[in-house]
Amino acid sequence: MSYPALMDGAPKSLDGRRVIVTGGSSGIGEAIARSCVEAGASVGLLARRVEPLAALADELGAAWRSADVADLTAATTAVQELAEALGGVDGLINNAGRMDLGSPTATNPEVWRAAFEVNVMGLLATTHAAVPYLRRSAHPNLINMSSMSGRRVASVDGGVYASTKFAVHALGDALRMELQPDGIAVTTVSPGFVRTNLADDADDEHRRQWQHSVAERGIDPEVIGEVVRPLLTLPTGVCPVEYALTATAQLPG
């Protein structure tokens, strides 16, 4: 399925740009990677699952490394190796994430830990590894994928997930202040429901509820790819703070 560019009616070139996408083997990450490659970028993919990651990288002609971003050492090494393979980094898309549903007091504490390790600590690790390369880029962009749940808590069952995404928003603000002198644009992208397999690690009941909601009211991942690409093409020195979007079918919740 093809969507028109969302910012000025025509796709802008990313020729010569080098972009790393975490969580890049499927869903939103795959859509972003495809959109960037179509615009001429060289892409590095980072994700846990080797088979879909290798297959997508082969199809797109992308570099790839398999790592769990919750393993901070492995995540750091993977970003550094991808940066060297690409000859530098102009854009880092922090897309890796997980969603565990259930009320805060009813879920296992290990679930809380896993959510923060991936969604917050993993983002910090990949960012920390990429920033030295971004500082040497002529067009540096750091894009953190958050959620509408990072702007409000929609339900008790999404409370822990939302708290990690509130943290992503806070880190985006702090990173924007820190990296502004280096000319690095830091943008938070906050989608509502998107048709992905994000809830695959949830228990059966919550997974069914999520998949039912998303199937009826979610937007396609390709839309997110078309949102992210033009953010990477804006003039150097321009920093979109946040791009929040949701399907009309999901509003107003």
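See above for the structure.
Residues numbered from 1 in each chain as written. Predicted model: local features only at pLDDT ≥ 70, side-chain atom pairs only at ≥ 80, totals over all residues. Heavy atoms only, no water.

A. Quick look at the side chain of T233. By the secondary structure assignment, T233 is in helix α7 (residues 221–233). Beyond its immediate chain neighbours, meaning those up to four positions away, T233 contacts K12, S13, L14 and R17. (Helix = DSSP H or I, 4+ residues; strand = E, 2+ residues; numbered from the N terminus. Contact = heavy atoms within 4.5 Å.)

B. Quick look at helix α2 (residues 50–60). Within the sequence span of α2, burial applies to L53, L56, A57 and L60. Here the buried residues of α2 occupy an arc of 100° about the axis, which is enough to place them on one side. Those residues of α2 that are exposed and angled more than 90 degrees off the buried face are E51, D58 and E59. For α2, the secondary structure elements touched by its buried residues are α1 (27–38), β2 (42–47) and β3 (63–66). Following α2 by one or two positions, G61 has its phi on the positive side, about 70°. (Buried < 20%, exposed > 50% of the residue type's maximum accessible area, 1.4 Å probe, protein only. Arc of directions from axis to C-beta.)

C. Main features of helix α4 (residues 109–134). For α4, which comprises 26 residues, the first-to-last C-alpha distance of 36 Å matches the rise-based estimate of 38 Å (1.5 Å per residue) to within 8%. Within α4, the axis deviates most sharply at E117, by approximately 35°. Where α4 begins, one side-chain oxygen reaches toward the backbone nitrogen of E110, 2.7 Å away; that side chain belongs to N108. (Expected span 1.5 Å × (residues − 1). Bend = angle between axes of the 7 residues up to and from the residue. Polar contact = N/O pair within 3.5 Å; in protein donor to acceptor, adjacent residues only side chain to side chain.)

D. Local environment of the pairing of β2. Counting buried positions along β2 gives 5 out of 6 residues, so the element sits mostly inside the fold. As judged from the 5 bridges shared by strand β1 (residues 18–22) and β2, these two strands associate in the parallel manner. Across the sheet, T22 pairs through a bridge with L46, a residue of β2. Crossover handedness for the path β1 to α1 to β2: right-handed. Taken together, the 4 bridges between β2 and β3 define a ladder with parallel strand orientation. When the sheet's bridge partners are listed, A47 is paired in β3 with S66. Regarding the hand of the β-α-β motif, the stretch spanning β2, α2 and β3 is right-handed. (Pairing = 2+ DSSP bridges. Right-handed = clockwise from strand over helix to strand, strands pointing away.)

E. Region of interest: the pattern of salt bridges. Taken as a whole, this structure holds 11 salt bridges when the rule is applied. We note a salt bridge from R98 to D100, for which the minimum N-O separation is 2.8 Å. Look at D100 and you get buried, because its relative accessible area is 8%. The shortest N-O distance in the salt bridge between E226 and R229 comes to 2.6 Å. One end of the pair is E226 and the other is R229, both in helix α7 and 3 residues apart, which spans about a single turn. (Salt bridge = Lys/Arg side-chain N within 4 Å of Asp/Glu carboxyl O.)

F. Broad picture of the environment of V238. Mapped onto the secondary structure, V238 falls in the loop between α7 and β7 (242–245). Owing to a relative accessible area of 39%, V238 belongs among the partly exposed residues under this scheme.

G. Geometry of the environment of G91. Within the element layout of this structure, G91 appears in strand β4 (residues 91–94). G91 gets classed as buried once you look at its relative accessible area, which sits at 0%. With residues near it in sequence (within four places) discarded, G91 still touches R18, V19, I20, L134 and N141.

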